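Residues per chain are reported as follows:
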Amino acid sequence: MTDRDLTDPEYYLNRELSELAFQERVLREGMDDRNLPLERLRFLAFFTKNTDEFFMKRVGGLKQQIDAGVTKTTPDGRTPKEQWVEVLDTARPLFAQQSEYWQSVLKPTLADEGIEICTPEELSEGEQEQLRTHFEESILPTLTPLAFDPAHPFPFISNLSLSLAVLSSNGGDEPTFTRIKIPPNQPRVISVSGEADRYVLIEDLIERNLDLLLPDLDIRDVSKFKVTRNAEVRRNEEVAEDLVDMVEEVIEQRRFATVVRLEVDADMPDESLAILKDQLGVDDREVFHREGPIDFEDFFELIDLDRPDLKPPAWSPKPHPRLGSLASDTRDETKSIFDEIKHGDILAHHPYHSFEGTVQRFLNAAATDPDVLAVKAAIYRTASDSKVIQSLINAADNGKQVAVMVELKARFDEKNNLEWVRQLEEEGIHVAYGTVGLKTHTKTALVVRREDDGVQLYSHIGTGNYHSGTAKGYSDLGLLTADRDIGFDLTKVFNFFTGPTLDDRFRKLLIAPVTMRERFTEMVRREAEHARAGQRARIVVKINGLEDPSMVEELYRASMAGVEIDLIVRDICRLRPSIEGLSENITVHSIVGRFLEHARIFYFENGGSPEWYIGSADWMTRNLDYRVEAVTPVEDTQLREQLRFILEASLTDNRRRWVIQSDGTYEAVSSDDDPVRDIQEILMAATEAALDHGYGPGMIVDTDLIEEALLVEEVTESETDARSEGSDETGLDADEEQTHSDGGDVSVFDAYSDRWYRPDSETYDWAVRTAAGDRRYFKTREGARDRLQTEYE
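Residues numbered from 1 in each chain as written. Predicted model: local features only at pLDDT ≥ 70, side-chain atom pairs only at ≥ 80, totals over all residues. Heavy atoms only, no water.

Enquirer: I'd like a description of unusual backbone geometry, backed by residues and values.
Expert: Here the residue pair His350 and Pro351 is connected by a cis peptide bond, since its omega of 0 degrees sits within 30 degrees of zero. Tracing the backbone shows Pro351 in the loop between strand S10 (346–350) and helix H11 (359–368). At the junction of Ala512 and Pro513, the peptide bond is cis and its omega measures out at 10 degrees in the coordinates. Note on placement: Pro513 falls in the loop between strand S18 (510–512) and helix H15 (516–532). Even without glycine at this site, Leu160 takes up a positive phi of about 65 degrees. The topology assignment puts Leu160 in the loop between strand S2 (146–148) and strand S3 (162–169). Judged by its relative accessible area of 28%, Leu160 falls in the partly exposed class. (Helix = DSSP H or I, 4+ residues; strand = E, 2+ residues; numbered from the N terminus. Buried < 20%, exposed > 50% of the residue type's maximum accessible area, 1.4 Å probe, protein only.)

In structure tokens form, the structure reads like this:
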């Protein structure tokens, strides 16, 4: 059906509700008893952290639009007010589930394992006295009670701060409201002296000993509350005199921004709640009543307990076999990393491969190698004690030309990045820190080196930040290459950071916002043309978000043309799969595991001449149009095999994978009676196997675990024939064929019985031989039937 109106809101999911659906999947991991108890607690803490950011960014943005009178609808047909209402209504039961699971299941489970979160009242008198002494000596001096009465204005409540609301009186009828901020520089989880793994929460300890802080008062009620403020505070870049000043002002304004959520104890009295609502400017819909702890993020502290029986085995990132020093490695150990890269491209996969042993080693070598002339890097987020920054400083000290692009507008990292800008500039390094109207989101570095045969360019193009901390928990890819075309392209990108304009002519890289959207659109349309012509056509994309309506529309058109499309989308997805006549050829998967899936991989089958890409960009409007992004082709066959292994093993995961339904809900894929296939466990094993093997690929591809349906090299006629070796012409016995002879449409299978067969595949049930002699694979009988009719009738 090609006459569909592809702008119809019916065909698009809501961006905000889709992100909440991802947070629900994180919460489900925290409630899944297949995970060990401390791993479940980790996911509950992540749920709090993620939803805090969601309310600050997304709900804050919606509230800004509402206050500005914006009524324009999104592609799914909702106004900002309608989205705001639905988001709050959808989030409310998720918080209730988090609290209920903690109170009724996980807290008792941890207690049974010897990890107790107690109230002071549950402790012995001696333990209570010890904690009272600790409170009086170490906590009490840090507290500042702030009363609200005719003599005292209502205190400022900072973003994400946890507080106590105290109602007290001094003999009168009217109680006084006092706010006590839980000190953020004190441990939230306090160990009970002399007892292993027994703890109290600091807010409970303060409440228990309020008589020391507020003596001689009648304490009528003590309730906890937490405020979330809007983080969408911006200034007009066009009129900002200096970007550094603008970002500093944004950070300051964020402290006083509009409140977008108020979390309170479930039994907070009406009097305290009314004061908070009135003074903070929130209505009933923005109030979330919570049972038990309001904030779970500080429970990250417990994850590090020495209880290996209660969490998955620790994973230590491994050296890359081509860069690590192994006893069994007979290669010349004096060879530099640049010689190794020149020998052939290297694909690093974090956290399976060590960041320090790959990317950091690359930058360290650039800083100290006497033949290196220049080092350039683009920093979006980095660690507070960044060795990456130190390498760049060392490079400058060693006489290299160093240029660094530091994105000051990286949300929630602005302050950290400002500090790095000042330190880099103090070292005499040229720093660019932003572009009007654009964020720089590339994860790229360029090294210029003098060699016997001339100046050589060495490049790193990654999917993740130059951040040693997140590289241990985020799944990301990075290509180290001496490809001269890629080096020239990166040179243009870095020139843009300091120059007046961004070139739109690149040899290999896809660069947003100038060429990337156009090239991705061309490649999707090309697959559709291949499908219409009966040639090989398939798209497999692994990204974090699919939000851009135009890209969704292109995928719909490709699906209607017969392209088989698998999308592995961790987070936001606007596309509705499995709509008859529109998207029945599209399957959308999402993987939630111990590592955050952050890598972007793009595969286009291209009629048997495959193309592979990795890079920093998702298919979101902001990435394609409003950020500087870089996506690189991966051309080395061995590296493509590794990317294929990642994708195909991901598509058969039956432990961490969810599949989206056309209504936007997600269903978990179950292993049933099959062996459990956890993609992240598979990749850890593949990385360890490569390390045991010695010098060579970054992972040993276990071909028994994947279908190898994706191509890494151009298909030749002999390879096409080999794919069907061992299969008869139909792949069906008489009984099977009879089973499918149930209607008039089956005649096409009878008429062209030598043109189709049933492949030995866990992914595809049908294969059709095209008139051109290629193979097309289908998940459904209807897809195979349609292809037979297209080809031969």
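Let us keep going from here.
Enquirer: Describe in detail the nonpolar core, supporting the description with residues and values.
Expert: Most often, soluble globular proteins have nonpolar side chains that are buried together. In terms of nonpolar packing, the biggest core is built from 44 residues, with Phe520, Leu546, Leu555, Leu567, Leu575 and Trp619 touching the most fellow members. Of all the elements in the fold, those that place two or more residues in this core are S18, H15, strand S19 (538–543), helix H16 (549–560), strand S20 (564–569), strand S21 (586–591), strand S23 (601–604) and strand S26 (657–660). When residues of this core are assigned to their parent elements, the largest contribution, six residues, is made by H15. If we ignore the near neighbours within four places in the chain, the residues touching Leu567 are Val541, Leu546, Leu555, Leu575, Ile586, Thr587, Val588 and His589. (Core = buried A, V, L, I, M, F, W, Y, C linked by side-chain atoms within 4.5 Å. Contact = heavy atoms within 4.5 Å.)

Enquirer: I'd like to hear about the side chain of Ser18, residue by residue, with values.
Expert: If you trace the backbone, Ser18 turns up in helix H1 (residues 15–30). Among all residues touching Ser18, those that are not within four sequence positions of it are Asp571, Ile572, Cys573 and Tyr666.

Enquirer: Summarise the sheet that holds strand S28 (residues 756–757); cite the residues concerned and give the values.
Expert: Pairing within the open sheet is antiparallel, and its three strands lie in the order S28-S29-S30. Either end of the sheet is taken by a strand with one partner, and the two such strands are S28 and strand S30 (775–778). Of the strands in this sheet, S28, strand S29 (766–769) and S30 touch helix H23 (residues 781–792), which is tilted by about 5 degrees from S29. (Pairing = 2+ DSSP bridges. Axes fitted to C-alpha atoms, helices over the stretch in contact; angles between N-to-C directions.)

Enquirer: Talk me through the pairing of S19; I want residue IDs and the actual numbers.
Expert: Here S19 lies mainly inside the structure; six of its six residues are buried. A two-sided burial pattern is seen for S19, the buried positions comprising Arg538, Val540 and Lys542 on one face and Ile539, Val541 and Ile543 on the other. Pairing geometry for S19 and S20, over six bridges, is parallel. By the bridge assignment for S20, Ile543 is matched with Val569. The parallel pair S19 and S20 is bridged by H16, and the resulting crossover is right-handed. Pairing of S19 with S23 involves four bridges; the strand directions are antiparallel. The residue bridging Val540 from the neighbouring strand is Tyr603, located in S23. (Right-handed = clockwise from strand over helix to strand, strands pointing away.)

Enquirer: Could you give an account of the sheet that holds strand S5 (residues 189–191), naming the residues involved and the relevant values?
Expert: Taken together, the three strands give an open sheet; going across it, the order is S1-S6-S5, and neighbouring strands pair in mixed fashion. Two strands close off the open sheet at either side, each with one partner strand: strand S1 (116–118) and S5. Across the sheet, the mean angle from the axis of one strand to that of its neighbour is 40 degrees, orientation sign disregarded. Here three bridges tie S5 to strand S6 (residues 198–201), and the two strands are oriented antiparallel to one another. Bridging across to S6, Ser191 finds its partner in Tyr199. Here helix H4 (residues 125–139) sits on the sheet and contacts S5 and S6; the angle it forms with S5, its principal contact strand, is near 125 degrees.

Enquirer: Describe the packing of helix H2 (residues 37–67) against helix H3 (residues 80–112), listing the residues and the values that go with them.
Expert: At a closest axis distance of 11 Å, the pairing of H2 and H3 adopts a crossing angle of 165 degrees. Classified by the angle between their axes, H2 and H3 sit roughly antiparallel to one another. The hand of the H2/H3 crossing is left-handed. Its residues assigned to classes, the contact of H2 with H3 shows 22 nonpolar, six polar and two charged. (Parallel < 35°, antiparallel > 145°, perpendicular 65-115°, else oblique. Left-handed = near helix turned anticlockwise from the far one by under 90°. Nonpolar A, V, L, I, M, F, W, Y, C, P; charged D, E, K, R; others polar.)

Enquirer: Tell me about the pairing of strand S25 (residues 627–633), and name the residues and values.
Expert: Taken residue by residue, a regular strand's side chains alternate between the two faces of the sheet. Counting buried residues in S25 gives seven out of seven residues, a clear majority hidden from the surface. Alternating residues of S25 divide into Arg627, Glu629, Val631 and Pro633 and Val628, Ala630 and Thr632, and every residue in both groups is buried. In the sheet, strand S14 (residues 439–440) pairs with S25 via two bridges, with the strands oriented parallel. Along S25, the bridge assignment pairs Thr440 with Val628. Sheet topology note: the S18/S25 ladder contains three bridges and is antiparallel. Note on S25: the bridge partner recorded for Ala512 is Glu629. Pairing of strand S24 (residues 611–615) with S25 involves three bridges; the strand directions are antiparallel. When the sheet's bridge partners are listed, Tyr613 is paired in S25 with Pro633.

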